Structures are given as C-alpha cells and as structure tokens.
Amino acid sequence: MADQDHTLLSVEEMAHAFEDDTGPVDLSPYSVEDWLTLAVFWGMALCIFLQFFTRYALNNSLAWTEEIAANCLVVVVFLGAAMCVRMCRHIAVDLLYNFMSRPVRRRFETAVDIISIGFFAYMTWLMWRYIGIVGNERMVTVDLPRGIVFYTVFVAFVLMLLRGVQNFIKDMRGEKTCRENAADHGATGV
C-alpha cells in the first residue's frame, strides 16, 4: 500500500473543522444574471424531481414536467453564458498569449474583444428575427407561448453583448484583462 500524503485526523478534529470563522459573506461578485440563473436552475430541479417522483413513485408521470425542465435548461445555459462573459470564464486557448510580447498580446486581445462583440451583436439580431417568426407558437404540453423561452435567450444575448462591451471598455482603460488574470493565476483561460 502506498504512503498516504495526508495526516489522519481524529474524530474530535474533524468535528471542529467546520467551526472556523470564515468572516462575512461577500455577495458583491454576483449580478442580476447570476440570481436569475439560480432561480431558474432550482425551478428546473423541482420539475425534474416532480417528474421522477410522479413517474417512479406514483406510476403516473406528469407530462408537462419534461417540457418545462427542458426549457429551463435552455434558459440556464444562455443566462449562464452571460455570466461567463462577465466573469471571463469562457473556454479559451491562450497558449499563444504566453509567447507574445505584451504590446502584441494587447492588440490580439482587442481583436478578440471586437470579434466577440460582433458575434454577440449578430446573435442578438438573429434571435430577434427568430422571435418574430416563431415567438407566438405554443408549448406542446402547457398552454404557454414558447416566446417566453425565446425572449429569455434574447435577453441573455443582449446581456452577453453588454458584458462584452463592458470587458472591452475595461481593456481599453488598461485595467486587467481576462487573459492577464488567467496568466497571473496560472489558469488556462477557463
């Protein structure tokens, strides 16, 4: 058996491990999209629980829970993407950044910011057009308009666009950029 790298704790030490004072809770890093995503996520979890319980415990499934949970998942994904833009958490390959000089890296980051803003603007426009075409359709199992989901995705793209512009302005002001934050912490841009 290989040596263990960790020390063994007594039951008493384990019991008191959670008593450390961690200080006050700081909610300042969170924004509107974080709280909306959290609420929709728990709504989705409730629908999935209802689906599981009614199908396997009561042997009489509620058909609407699957559709509502799927629509909640779509909303969570797109609002979560807006969170990722704000926090610079999208997956990025920043291997090239490590080999560039600082001035070249700044120009490259500016180009990436402009391309991202263009992409978000284009997707916002496409989503607006898509809503105009199918926004009045009804859901299959629940008599609600599917536009609820489509408008939420549209709002998420607007948030991504605004957060992308916000990141671009920070970069132009000379504040730390996403890539520099990742490089400083030894991260890979994830």
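As the structure is a prediction and not an experimental result, all values here were calculated from the model. (Residues numbered from 1 in each chain as written. Predicted model: local features only at pLDDT ≥ 70, side-chain atom pairs only at ≥ 80, totals over all residues. Heavy atoms only, no water.)

### Focus on the nonpolar core
Move 1: If you look at the biggest cluster of nonpolar residues, it comprises 24 residues, and the most contacted ones within it are Ile-68, Leu-79, Met-127, Ile-131, Phe-150, Phe-157 and Met-160.
Move 2: Breaking this core down by element, the ones donating at least two residues are helix H2 (32-57), helix H3 (64-87), helix H5 (102-134) and helix H6 (147-173).
Move 3: Ignoring sequence-local partners within four residues, the contact set of Ile-68 consists of Cys-47, Met-139 and Val-142. (Core = buried A, V, L, I, M, F, W, Y, C linked by side-chain atoms within 4.5 Å. Buried < 20%, exposed > 50% of the residue type's maximum accessible area, 1.4 Å probe, protein only. Helix = DSSP H or I, 4+ residues; strand = E, 2+ residues; numbered from the N terminus. Contact = heavy atoms within 4.5 Å.)

### Side note on the confidence of the model for the protein chain
Move 1: Per-residue pLDDT for the protein chain averages 84, and the proportion of residues at 70 or more is 88%.
Move 2: Counted against residues more than four places away or in other chains, residues 184-190, with its pLDDT under 50, gives 15 contacts. (pLDDT = per-residue confidence, 0-100.)

### Examining the UniProt feature "transmembrane region" (unreviewed entry) in the protein chain
Move 1: Residues annotated by UniProt as "transmembrane region" (unreviewed entry) correspond here to residues 35-56, 68-88, 108-128 and 148-165.
Move 2: Annotated as 95% helix and 0% strand, the span residues 68-88 places its first and last C-alpha atoms 30 Å apart.
Move 3: From the first C-alpha to the last, residues 108-128 spans 30 Å; its make-up is 100% helix and 0% strand. (UniProt positions renumbered as here; feature names shortened; annotations may be inferred.)

### A word on H3
Move 1: Look at H3: 34 Å from first C-alpha to last across 24 residues, which is about the 34 Å you get at 1.5 Å a residue.
Move 2: Following H3 by one or two positions, Cys-88 has its phi on the positive side, about 55 degrees. (Expected span 1.5 Å × (residues − 1).)

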